[in-house]
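Descriptive structure summary
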Amino acid sequence: MSSERVDLAIIGAGPAGMAAATEAAASGLSVAVIDEQPQAGGQIYRNVGEPVLQDPHILGTDYYQGAALVRALQAATITHIRNASVWEVSPTGYLCLTEAGVSRRLLFSRLLIAPGAQERPVPFPGWTTPGVMTCGSAQILLKSSGLTPAAPVVLAGSGPLLLLVACQLSRAGIPVAAVLDTTPTAHYWSALAELGGALRGWQQLLKGVRLLAELKRSGIPRLTAVNGLRAEAGEDGKIAKVCFRQGDRDQQLDCTTLLVHQGVVPNVQLSRALKLEHRWDALQQCWRPQLDAWGEGSLAGVFVAGDSAGIGGALAAEQQGRLAALQVAQQLNKLDARLRDQRAAPIRKTIAQQLAIRPFLDRLYQPAGEFLRPSDQTLVCRCEEVTAGEIRSIARQGCAGPNQAKAFSRAGMGPCQGRQCGLTVAQLMAEVQGVSVAEVGYYNIRMPVKPITLGELADLDLPA
Amino acid sequence: MANDSTFNRLATAPATSVTLWIEGQAVKARAGDSVAAAVLSAGLGPSRTTPVSGSPRGAYCMMGVCFECLMEINGRANTQACMTPVEEGMQVLFQQGARQPGEALV
């Protein structure tokens, strides 16, 4: 079986991937976009090409704006490989994917990694209890199925998505029992230092203010400076109540669904597996790949754009996708450098405008310490059921880093391949050893980055 | 609200209705739902117990990064239910604990 070859392979059909594909195709490049979902849009614009909800008021106008990107992608001459996951990428110019249980290779000249963000793992006592889900998951269920969570619903955490999901559920007529805001009071003061940037990004600031006002109007109680979050299961094993502290008062609320959120972090699984250089972003408390001004990483020909390159939001992601596509077109002689720079100038301006508010948001919504470095009894690795106490203990015994912690504790060795524990394990080891997270490092991520069957592996026409 | 213990469906665009079998029970879903969404809307679950301690788990992220919604779908174990669209007649089983010695491999 001969493998298909394209100029540019794009992993992920979110805003970055869709914009990059459209831009690259317009320059005359052959493009394949590989995405895990049946429809383009990513998580932010999920199903926007064929909206599921009849009432557009629930999700709001920002969501429906994504339809233009989907339409442009549909009109472009590209190959859109849906419901497919990429499980191996080689810097020598091929990737392996599985589509409907059948695997194949795709050859490329240039690669754009645009898998977006994932929600930051939110470890706290009881976070594995069924009924505890992420705010993002509630939004996904709204966008792709029109489903609303089982009531009573409580939201807990910090960040814009927490407020947005509370408002969206409220618009859908779901009584949200409470929003437990875990943003530490001190963060409001440290964020003030970045007020200049926030004012330059006034449109986003205004959106936040409007959400807070809507939340207030809706009558949903918003409890601030909440800490000591804990989920307790009932006899059926599902969540029955959420316990927390506000000030010096312990409180609890009955709930059937607890939606948690502590911001989003780049999905670096593929860029890590490719061994691109990454740096620790102390402000966003996450790793991000080292990229040049066009989004090209430390391996020539491998680009990263959108939230997987560092959290900037959908509108910045879209423009970063365009920048990468322009550079690929220039490298493959479809666009001269002068024209590339001319087209890039307004794009860079938009990106700068979109990112202006980030330092303010990043300081304000940095997770509270109890979620970055949870208490000893908290499960850190959900798959292998390793607690924070066990990680601290092996760190005290001189465990050299997250990779050795795998051998000592099995943390990071389950099916999620460290996606839910990698950041926390590194934070805990840094805390015990008194060094920075940057020094502790991260798991070595290896291919395959998604679980595959032996059959899928055997199907493959491997290079000689 | 029809049932407080399940995920409820808002008014949605017309779509085909799909019937699948979850733990032997016929469940109606909307074409485009993931298997994990169908489980939640039917009010079923916890959808697995862990191989390590047998503790109950359910869907958590719904976007393929937590691997908590692993189910046996059409005979294939450890399938991510949130990444699998429902299909007519699909057979879905919950996974209980670790696989036992001698248990048939699929």
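Residues numbered from 1 in each chain as written. Chains lettered and ligands numbered in written order. Predicted model: local features only at pLDDT ≥ 70, side-chain atom pairs only at ≥ 80, totals over all residues.

Attention shifts here to the domain arrangement of chain A. Residues and elements named next belong to chain A. What the domain assignment reports for chain A is domain 1 (4–118 + 265–335), domain 2 (121–262) and domain 3 (373–440). Here the C-alpha centre of domain 3 lies 30 Å away from the C-alpha centre of domain 1. Contact with domain 1, which involves five residues of that partner, is made by five residues of domain 3. (Domains from an automatic or database assignment. Contact = placed C-beta atoms within 7 Å.)

This part covers helix α15 (residues 402–409) of chain A. All names here are of chain A. Turning to α15, its buried residues are Pro402, Ala405, Lys406 and Ser409. The arc enclosing the buried residues of α15, seen along the axis, measures out at 110°, which places them on a common side. In this structure, the buried residues of α15 make contact with β22 (386–387), α14 (388–396), α16 (422–433) and α17 (437–440). At the C-terminal side of α15, Arg410 shows a positive phi close to 70°. (Buried ≥ 20, exposed ≤ 12 C-beta atoms within 10 Å, placed from the backbone. Helix = DSSP H or I, 4+ residues; strand = E, 2+ residues; numbered from the N terminus. Arc of directions from axis to C-beta.)

Negative phi characterises most residues that are not glycine, and trans characterises most peptide bonds. Backbone torsion omega between A:Met447 and A:Pro448 reads -5°, so that peptide bond is classified as cis. Cis geometry is adopted by the peptide bond preceding B:Pro46, which originates at B:Gly45 and carries an omega value of 5°. Tracing the sequence through the fold places B:Pro46 in the loop between α1 (35–41) and β4 (48–49). Here the phi dihedral of A:Gln285 falls at roughly 50°; this positive angle occurs in a residue that is not glycine.

Residue and element names in this part refer to chain A. In strand β2 (residues 31–34), alternate side chains face the same way, and those of Val31 and Val33 on one face and Ala32 and Ile34 on the other are all buried. Bridge count between strand β1 (residues 4–11) and β2: four bridges; the pairing is parallel. In the strand pairing of β2, Leu8 is matched with Val31. In this region the chain leaves β1, passes through helix α1 (residues 15–26) and returns to the parallel neighbour β2; the handedness of that crossover is right-handed. Summarising the sheet, β2 and strand β3 (residues 79–81) pair through three bridges and their orientation is parallel. Each bridged residue has a counterpart across the sheet, and for Val33 the counterpart in β3 is His80. (Pairing = 2+ DSSP bridges. Right-handed = clockwise from strand over helix to strand, strands pointing away.)

Right, let's talk about the packing of α14(A) against α15(A) for a bit. Residue and element names in this part refer to chain A. Following both chains from N to C, one finds α14 and α15 inclined at 110°, their axes separated by 11 Å at the closest point. Judged on the interaxial angle alone, α15 and α14 are roughly perpendicular. α15 is crossed by α14, and the crossing has right-handed handedness. Residues Glu390, Ile391 and Ile394 of α14 pack against Ala405, Phe408 and Ser409 of α15. (Axes fitted to C-alpha atoms, helices over the stretch in contact; angles between N-to-C directions. Parallel < 35°, antiparallel > 145°, perpendicular 65-115°, else oblique. Left-handed = near helix turned anticlockwise from the far one by under 90°.)

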